[in-house]
Amino acid sequence: MPPSDVFARLTSPYRPELLAYCYRMLGSVHDAEDLVQETYLRAWRSYEAFEGRASLRTWLYRIATNTCLTALEHRKRRPLPSGLGGPADDPEGPLAPPPEVTWLQPFPDRLVRASSDDPATIVAARASLRLALIAALQYLPPRQRAVLILRDVLALRAAEVAELLGISVPAVKSILQRARAQLGQVAPSEDDTTEASGARQRELLDRYVAAFENADITALMGLLTEDVVLEMPPTPTWFAGRESIGRFFGSRVLTVPGVFRMVATAANGQPAVAMYQRGPNGVHHAHAVMVLSASDAGITQIVAFRDPGLFELFELPQTLGPAPVSPQANESANALDNGSPTPDEPTPWRF
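Below, the structure is looked at part by part.

The rules behind each value
- All residue numbers here refer to positions counted from 1 along the written sequence of the relevant chain.
- Confidence filtering applies because this is a predicted model: local features only for residues at pLDDT of at least 70, side-chain atom pairs given and counted only at 80 or more, and all residues used for totals across whole chains, interfaces and linings.
- To get the side-chain values, take all heavy atoms of the structure and skip hydrogens and water.
- Each axis is a line fitted through C-alpha atoms, and for a helix only the stretch in contact is used; angles between axes span 0 to 180 degrees, taken between their N-to-C directions.
- Counting from the N terminus, the helices are the DSSP runs of H or I reaching at least four residues and the strands are the DSSP runs of E reaching at least two.
- Roughly parallel refers to an angle under 35 degrees, roughly antiparallel to one over 145, roughly perpendicular to one between 65 and 115, and oblique to any angle outside these ranges.
- Handedness of a helix crossing follows the sense of rotation of the near helix relative to the far helix, less than a right angle counterclockwise being left-handed and clockwise being right-handed.
- Pairs of residues are marked as contacts when any of their non-hydrogen atoms sit within 4.5 Å.
- Only Asp, Glu, Lys and Arg are considered charged in this grouping, and only Ala, Val, Leu, Ile, Met, Phe, Trp, Tyr, Cys and Pro are considered nonpolar; every other residue, Gly among them, is considered polar.
- Each residue gets one of three labels from its accessible area relative to the maximum for its type: buried under 20%, exposed over 50%, partly exposed in between, using a 1.4 Å probe on protein chains only.
- For the purposes of these results, a polar contact is taken to be a pair of N or O atoms within 3.5 Å, where, inside protein, one atom must be able to donate a hydrogen and its partner to accept one; residues adjacent in sequence count only when each atom of the pair is a side-chain atom.
- To form a nonpolar core, buried Ala, Val, Leu, Ile, Met, Phe, Trp, Tyr and Cys residues must be joined to one another through side-chain atoms within 4.5 Å.
- When DSSP finds two or more bridges between a pair of strands, those strands are recorded as paired.

1. Side note on the packing of helix H3 (residues 29–46) against helix H4 (residues 56–72)
Link 1 in the chain: Here H3 crosses H4 at 125°, and the two axes come no closer than 9 Å. Looking at the two axes, H3 sits oblique to H4. Relative to H4, H3 is oriented so that their crossing is right-handed. On H4, the residues that touch Leu-35, Glu-38, Thr-39, Tyr-40, Arg-42, Ala-43 and Ser-46 of H3 are Trp-59, Leu-60, Ile-63, Ala-64, Thr-67, Cys-68 and Ala-71.
Link 2 in the chain: Residue composition of the contact of H3 with H4, by class: nine nonpolar, three polar and two charged.

2. Things to note about the environment of Tyr-40
Link 1 in the chain: Residue position: Tyr-40 is located in helix H3.
Link 2 in the chain: By relative accessible area, Tyr-40 is classed as buried at 6%.
Link 3 in the chain: For Tyr-40 and Ala-64, which are 24 residues apart along the polypeptide, the C-alpha to C-alpha distance reads 8.5 Å.
Link 4 in the chain: Tyr-40 has contacts with Phe-7, Thr-11, Ser-12, Tyr-14, Arg-15, Leu-18 and Leu-60, leaving out every residue within four places of it along the chain.
Link 5 in the chain: A distance of 2.5 Å separates a polar side-chain atom of Tyr-40 from the backbone oxygen of Thr-11.

3. Brief notes about the nonpolar core
Link 1 in the chain: If you look at the biggest cluster of nonpolar residues, it comprises 70 residues, and the most contacted ones within it are Tyr-21, Tyr-23, Met-25, Phe-107, Leu-131 and Leu-150.
Link 2 in the chain: Ignoring any residue separated from it by four or fewer positions in sequence, one finds Leu-131 in contact with Tyr-23, Leu-80, Leu-104, Gln-105, Asn-268, Gln-270, Val-291, Val-303 and Phe-305.
Link 3 in the chain: Leu-205, Val-228, Met-275 and Ile-299 belong to the second largest nonpolar core, which has 34 residues in total.

4. Considerations on the packing of helix H2 (residues 15–26) against H3
Link 1 in the chain: The interhelical angle for the contact between H2 and H3, taken along N-to-C directions, is 125°, at an axis separation of 8 Å. If you check the angle between H2 and H3, you find them oblique. Taken as a pair, H2 and H3 cross one another with a handedness that is right-handed. Each of Arg-15, Leu-18, Leu-19, Cys-22, Tyr-23 and Leu-26 in H2 lies in contact with H3, whose residues at this interface are Val-29, Asp-31, Ala-32, Glu-33, Leu-35, Val-36, Gln-37 and Tyr-40.
Link 2 in the chain: Among the residues forming the contact of H2 with H3, the class breakdown is ten nonpolar, one polar and three charged.

5. As for the side chain of Asn-268
Link 1 in the chain: Looking at the element boundaries, Asn-268 is found in the loop between strand E3 (260–267) and strand E4 (270–278).
Link 2 in the chain: The contact partners of Asn-268, leaving out residues within four places of it in the chain, are Tyr-23, Pro-106, Phe-107, Asp-109, Arg-126, Leu-129, Arg-130, Leu-131 and Ile-134.

6. Here's the deal with the pairing of strand E5 (residues 284–295)
Link 1 in the chain: In terms of burial, E5 is largely enclosed, as eleven of its twelve residues are buried.
Link 2 in the chain: Pairing geometry for E4 and E5, over seven bridges, is antiparallel. Within the sheet, the bridge partner assigned to Ala-274 lies in E5 and is Val-289.
Link 3 in the chain: Between E4 and E5, which pair antiparallel one after the other, the connecting turn spans five residues, and Gly-282 there sits at a positive phi close to 85°.
Link 4 in the chain: In this structure, E5 lies alongside strand E7 (residues 319–320), joined through two bridges in antiparallel fashion. What sits directly across from His-284, in E7, is Leu-320.
Link 5 in the chain: When E5 meets strand E6 (residues 298–305), the two strands line up antiparallel, connected through seven bridges. By the bridge assignment, Val-291 is partnered in E6 with Val-303.
Link 6 in the chain: Count of turn residues in the E5/E6 antiparallel hairpin: two residues.

See below:
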């Protein structure tokens, strides 16, 4: 077997977990894909010198870690809007213009593959990709970030991490202690991250989709918790609280049935929907990927990533053909055809 085939056969099984690792480090799927590619290129170039003193997996993680640390030397952290300032006071007021910020990206669940088929391992792998955790990790200095992920997420031994980074075991323990303390200041508490069961998440997602497609603000309000948060990168403006978010959606988004079509998906181990907005020709175009956090009480966070470029990552089309028209939409269309106004019929704002 040619050396390239041997290399590919031995190393390709680690690609998905290396992609997830680089994503945790950088907060970007696109950057993570580039760095995994760079990792494999470096590994191939030095494969003949690999002596097997460490496992192949550890050796690949050493290369990936060094690649990530080099990349992070000249990059700022990727935040969510809530990481830049407090929530807005007026849901019907003007939104701040997008700043020159490189935002955090969602991670499609289709790319998540645990190193084991054990259900508990799969659940743990997805939990370590939760959006709130990835956002919190971005606050850590790169080396602290690497040590914490390698020890607490990937469960490497302190001696393995020390060898991987070329430092002592006491140094690993010291860095890990500082990283945990820093993360504890910015990460959500365990009480805030209690998640709904799978069945409850599916129920909430189905009802959320229906509320958006039918422009049913009352139904949507019934799904939100009192302290729900809405973020919409690249808009830095964000809202906190069911009343504020209800006013925002009710006055600026959910004004006409049929304007939005939603396709269920999953990201960061959380329920998500791809949002399509209707154009003048009746075709719905890719608009946003909305990642939801949910507890048994309801939806606690909505992060609407308004970047149609993300749809390719989720293997979703850029457009959807005309959908079946609901009775409410038919009524609105007939009224418009007759030249008569309809109540609550403003043009939806492209949030």
